[in-house]
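Examining the three-dimensional arrangement
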Amino acid sequence: MWRSRGVPADSFYQIRPECTDVPVTRFKIKAGKTLSARKWHAAFTPEGYLDIGKTLSRIYRGGVHPSIKGEVWEFLLGCYDPKSTFDERDHIRQRRRMQYAKWKEECRQLFPLVGSGQFITAPIVTENGQLIHDPLVQKETNPAKGPVAVLPQDNGSPSNMDGANNLEKTDKRVVQWMLTLHQIGLDVIRTDRTLVFYEKQENLSKLWDILAVYAWIDKDVGYGQGMSDLCSPMVILLDDEADAFWCFERLMRRLRGNFRCTDNSVGVEAQLSNLASVTQVIDPKLHKHLEHLGGGDYLFAFRMLMVLFRREFSFCDSLYLWEMMWALEYDPDLFLMYEEPQSASERAESSKRKSKSIRQCGKYERENLKNKSKKNAEDPLPMSVFLVASVLKDRSTKLLHEARGLDDVVKILNDTTGHLDAKKACTGAMKLHKKYLKKAKKL
C-alpha cells in the first residue's frame, strides 16, 4: 500500500551495490497522483480506445508507475493512436516486429555478430573499407571489469564471417555503418553502468543490436554519441526488443536533428540558437552577461539538450522528467505524423476517427495553439529548450555574480547534477514558455 508521502521508485531500477555516488532520486510513487496500473487500464474502453486526455494531467501531476511506464510511453511518443482498438494495435505491433526482424537480418548478413548475444568494442574495418583480420577484435563484455578481448566463438569465428568478407569495399554506406559498430559498443558499456540490469550480457547486447539496426536504417544520421543514453530506458522498460526499438525510433524522430552533423556545424546548434533567443527575451541581463563571457553560442548547454538531461538527473528522475515533458507536449496529431503508409480504405477509415480535440492536448501544446504558434512559418519550440532556460533562470543570480569565465559557467551548471527537481524544472519551463510567448508577440 502506498503511503501519502510516497514510495521511492529506486527499487524498480536496482543500483549495483558498489556504486555509492549515484544521485538519490526525488521521484516518489504517490497514491492519487502517480498514474497507477489500475487508473491506466480504466482509461480504456472495452474495444481499446484510450481517453488520453484523462491520463495526461495525472502523468504531469505525479508521473507514471514503473510497472506500466513502457506501455504508457508508447502512446506518449506516438507509437499508437489512442483512437485505435486493441486488435488494431496488435496488428500494428506484429507488423512492426516483423519489420524489425527483417532489418536485423539484413544487418546480420553484413556482420554476423548482430543478434548473436555478443558485440564489439574494437574497430572491424578501416576508413577505406578494408576488414581488420584480427582474432582479438571480436569482443564480449564483463561489466565488472570492462571490455575483455576473447577469441571468436561460433557466430564470430572466421568461418562465419563470410558475410563481412564478401562486402563490396566500394559501398560507402556499408563501410560507414561498420565503422560505427565499435563506437556503439564502447558507448553501450558506458551507458547506465550503475544499474544491475546491465550486469547481464544479454541486456547489453540487446542495446547494441537496437542501436546497430537503427544506425543501418537511418541513412542520413546513422549513429551518434548520446543515442545510447536515449535508447537505454526503452530496453529496460519494454521486454520485447522490437517494441523497444520502435519506441526509440519514435523518440529519434523528434531528436534526430540534434545528431545531424556537417563539417561546419552540429545539429543541436539550432536548439542552442533557440535557447539564446529565449534567454534574451526572458532574461536579457543574463544573456548579455553570457555573451560578454564568450558564451553567446550557449555550447555549455549542449549536453542537456543532446541527451535530455540524462546526466543531470538520477536515472529514475530523468524518466520522470521525460514523461512529464511528453505529457505536456502531447499533440493528438502526433500519430498522424508518424503513421506508416496505409491503403486508401484504411486511410479513409482512420481519418473518420481522428479529429483534433484541444482537451486531448498536453498543457504546453494548448499554450502553443492558443497563441497560434502552429500558424507561424517555424514549428513551435520543443519544451526541452525551456527546460534548459528554466535551469539557467534558476541559477541566474549565481551566474551573474560568480561566473567570470566560461569555465565558471560550466562548473556552476555541473554542480546542478543530482540536485535538480524534475517537477520544479517542468513547472519553471511552463512559466517561462508562457512569458516568452507573451513577450515575443509584443516584440
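What you are looking at is a predicted structure, and each value in this text was computed from that prediction instead of being measured.

Focus: the pattern of salt bridges
Evaluated as defined, the whole model comprises 22 salt bridges. The partner of R16 in a salt bridge is E18, and the shortest N-O contact between them spans 2.8 Å. Residue classification places R16 among the buried residues on the basis of a relative accessible area of 10%. D243 is paired through a salt bridge with R97; the nearest N and O atoms lie 2.6 Å apart. Of this pair, D243 sits in helix α9 (residues 241–255) while R97 sits in helix α4 (residues 86–110), and the two are 146 residues apart along the sequence. One salt-bridge network, held together by shared partners, links R16, E18 and E199.

With respect to the nonpolar core
In this structure, W177, M234 and F248 are the most contacted members of the largest nonpolar core, which totals 132 residues. When neighbours within four sequence positions are excluded, M234 is seen to be in contact with W73, L77, A244, C247, F248, L251, W322 and W326.

Quick word on the side chain of D187
Along the chain, D187 turns up in helix α6 (residues 172–188). On the accessibility criterion, D187 (5% relative accessible area) is buried. A polar atom in the side chain of D187 sits 3.0 Å from the side chain of R190. Residues in contact with D187, not counting those within four places in the same chain, are Y223, Q225 and S228.

Remarks on the packing of helix α7 (residues 201–217) against helix α8 (residues 227–237)
At a minimum axis separation of 10 Å, α7 and α8 run at an interaxial angle of 125°. What the angle tells us is that α7 and α8 run oblique. Helix-helix and strand crossings are classified by hand; for α7 and α8 the assignment is right-handed. Each of N203, K206, L207, I210, L211 and Y214 in α7 lies in contact with α8, whose residues at this interface are M227, S228, C231, S232 and V235. Partitioned by chemical class, the residues of the contact of α7 with α8 number seven nonpolar, three polar and one charged.

Considering the side chain of T85
Mapping T85 onto the fold places it in the loop between α3 (69–76) and α4. Aside from chain neighbours lying at most four places away, what touches T85 is E47, G48 and Y49.

Examining the packing of aromatic side chains
Using the criterion set out here, one finds 22 aromatic pairs in the structure. Centre to centre, the rings of Y214 and F248 are 5.2 Å apart; their planes meet at 70°, and the pair counts as edge-to-face. Within this pair, whereas Y214 is found in helix α7, its partner F248 is found in helix α9, the two being separated by 34 residues in sequence. Overall, Y214 belongs to the buried group, its relative accessible area being 4%. Geometrically, the ring pair formed by Y298 and F300 is tilted, given 5.3 Å between the ring centres and 35° between the ring planes. The class of Y298 is buried, set by a relative accessible area of 0%.

So, helix α19 (residues 406–414)
For an α-helix, the turn length of 3.6 residues means that residues three or four places apart are oriented alike. All buried positions along α19 are accounted for by V409, I412 and L413. Each buried residue of α19 lies within a common arc of 95° when the element is viewed along its axis, so the set occupies one face. Exposed residues lying more than 90 degrees from the buried face of α19 are D407 and K411. Buried residues belonging to α19 abut α11 (284–292), α12 (302–306), α17 (383–394) and α18 (396–402).

What about unusual backbone geometry?
Comment: phi is negative for the bulk of residues other than glycine, and the bulk of peptide bonds are trans. Although it is not a glycine, Y298 sits at a positive phi angle of roughly 60°. Mapped onto the elements, Y298 comes out in the loop between α11 and α12. With a phi angle near 50°, L308 is a residue other than glycine that sits in the positive phi range. Note on placement: L308 falls in the loop between α12 and α13 (315–329).

Section: the packing of α3 against α8
At a closest axis distance of 8 Å, the pairing of α3 and α8 adopts a crossing angle of 130°. Compared by their axis directions, α3 and α8 come out oblique. When you trace α3 past α8, the crossing you get is left-handed. Along its contact with α3, which presents K69, G70 and W73, the element α8 presents P233, M234 and L237. Here the residues of the contact of α3 with α8 are counted per class, giving four nonpolar, one polar and one charged.

Brief notes about the state of the cysteines
All told, the structure shown has zero disulfides when counted by the stated rule. Unpaired in terms of disulfides, C231 finds its nearest cysteine sulfur in C247, a separation of 9.4 Å. C231 sits in the buried class, given a relative accessible area of 0%.

Some remarks on the confidence of the model for the protein
Per-residue pLDDT for the protein has a mean of 84; in total, 81% of the residues score no lower than 70. Long-range and interchain partners of residues 373–377, a stretch whose pLDDT sits below 50, account for ten contacts in this model, where long-range means more than four residues apart.

Description of a positive patch on the surface
Together, K363, R366, K434, K438, K439 and K442 make up a positively charged patch on the protein surface. Among the secondary structure elements, those contributing two or more residues to the positive patch are α16 (363–370) and α20 (422–442). Considering the arrangement of structural elements, one finds K439 in helix α20.

The rules we used
- Residues numbered from 1 in each chain as written.
- Predicted model: local features only at pLDDT ≥ 70, side-chain atom pairs only at ≥ 80, totals over all residues.
- Heavy atoms only, no water.
- Salt bridge = Lys/Arg side-chain N within 4 Å of Asp/Glu carboxyl O.
- Buried < 20%, exposed > 50% of the residue type's maximum accessible area, 1.4 Å probe, protein only.
- Helix = DSSP H or I, 4+ residues; strand = E, 2+ residues; numbered from the N terminus.
- Core = buried A, V, L, I, M, F, W, Y, C linked by side-chain atoms within 4.5 Å.
- Contact = heavy atoms within 4.5 Å.
- Polar contact = N/O pair within 3.5 Å; in protein donor to acceptor, adjacent residues only side chain to side chain.
- Axes fitted to C-alpha atoms, helices over the stretch in contact; angles between N-to-C directions.
- Parallel < 35°, antiparallel > 145°, perpendicular 65-115°, else oblique.
- Left-handed = near helix turned anticlockwise from the far one by under 90°.
- Nonpolar A, V, L, I, M, F, W, Y, C, P; charged D, E, K, R; others polar.
- Phe/Tyr/Trp six-rings, centres within 6.5 Å; stacked < 30°, edge-to-face > 60°.
- Arc of directions from axis to C-beta.
- Disulfide = S-S within 2.5 Å.
- pLDDT = per-residue confidence, 0-100.
- Patch = residues over 30% accessible without salt bridge, like charges linked within 9 Å, V, L, I, M, F, W, Y side chains within 5 Å.
- Areas by Shrake-Rupley, 256 points an atom, 1.4 Å probe, with all protein chains shown as cover.
- Lys, Arg positive; Asp, Glu negative; His and termini not counted.
- Charge placed at Lys NZ, Arg CZ, Asp CG, Glu CD.

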